[in-house]
Amino acid sequence: MKTRNILLIATITLLLSGCVVYSFYPLYTESDLFENDLLLGEWFEDDDNDVVFSGSDDSWNFTHPFLGDQKDSIRDKKRYVLSLSSNDNGVVKESKFEVHVIKLADEYFLDFYIDDYGDDDNITLADLHLVPVHTFAKLSVSDDKLEIRWFDPEWLEDLIKENKIRIHHEDNGDYILLTAKPKELQKFVSKYVDSEEAFEDGLSVELFRKK
């Protein structure tokens, strides 16, 4: 289930494919957020800054959003806007996420929430059946490198089926959606933060800062 082409997560197809753990609520509360520049800048999936996977060049660009009027040039350093872009055979694809960093059990975690997945002027019936969800991942930072690892949904499913964990959720037989609120989610994450099994077969990516 691991993949190097992380841009797939920027599509609704992947969000419905079962490769990550979905949550109705965010992992954070406002009081958990803090100012930081951990992610700021442009990142690539290879340290030679020449990433080519299946004919596409992928990049992650993290910026702080403007706080209030853009002309004041004041940015909110507690939040990020992530632009994921790829050039696939001359076709540029881009998706945007809201990303928040929090710290739990002495480890950093990221909360992803898709910010723009449709055109408000051209809403289709399919668009009306899509509900954005949160996903969260463990973040390791070293020098100019980021490692991002999402929880393995099959691992979570096994825990729930075996009654080894109690967390608010809904299971329609195809997908498990966590419905726990932030503090309950944080207890869950903190409990398994050091579990290699929890992340071993989950989605993961290594990013290197553009120089």
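For the structure itself, consult the block above.
The rules we used
Residues numbered from 1 in each chain as written. Predicted model: local features only at pLDDT ≥ 70, side-chain atom pairs only at ≥ 80, totals over all residues. Heavy atoms only, no water. Helix = DSSP H or I, 4+ residues; strand = E, 2+ residues; numbered from the N terminus. Buried < 20%, exposed > 50% of the residue type's maximum accessible area, 1.4 Å probe, protein only. Contact = heavy atoms within 4.5 Å. Areas by Shrake-Rupley, 256 points an atom, 1.4 Å probe, with all protein chains shown as cover. Arc of directions from axis to C-beta.

(A) Structural view of the overall build of the protein chain. Within the protein chain one finds four helices and eleven strands. Scored against the burial criterion, the 211 residues of the protein chain give a buried share of 41%. In the protein chain, of all internal contacts separated by at least 6 residues, the share reaching a separation of at least 24 is 63%. In the form shown here, the protein chain has an accessible surface area of approximately 11,700 Å², with 46% of it arising from carbon and sulfur atoms.

(B) Seen up close, unusual backbone geometry. Here Ala105, not a glycine, exhibits a phi torsion of approximately 50 degrees, which is positive. In this fold, Ala105 is placed in the loop between β5 (91–104) and β6 (107–116). Even without being glycine, Asn163 reaches a positive phi, approximately 55 degrees.

(C) Main features of helix α3 (residues 182–191). Inspection of α3 places Pro182, Leu185, Gln186, Phe188 and Val189 among the buried residues, and these make up the whole buried set. End-on, the buried residues of α3 take up no more than an arc of 160 degrees, which puts them together on one face. Residues of α3 that are exposed and point more than 90 degrees away from the buried face comprise Lys187 and Lys191.

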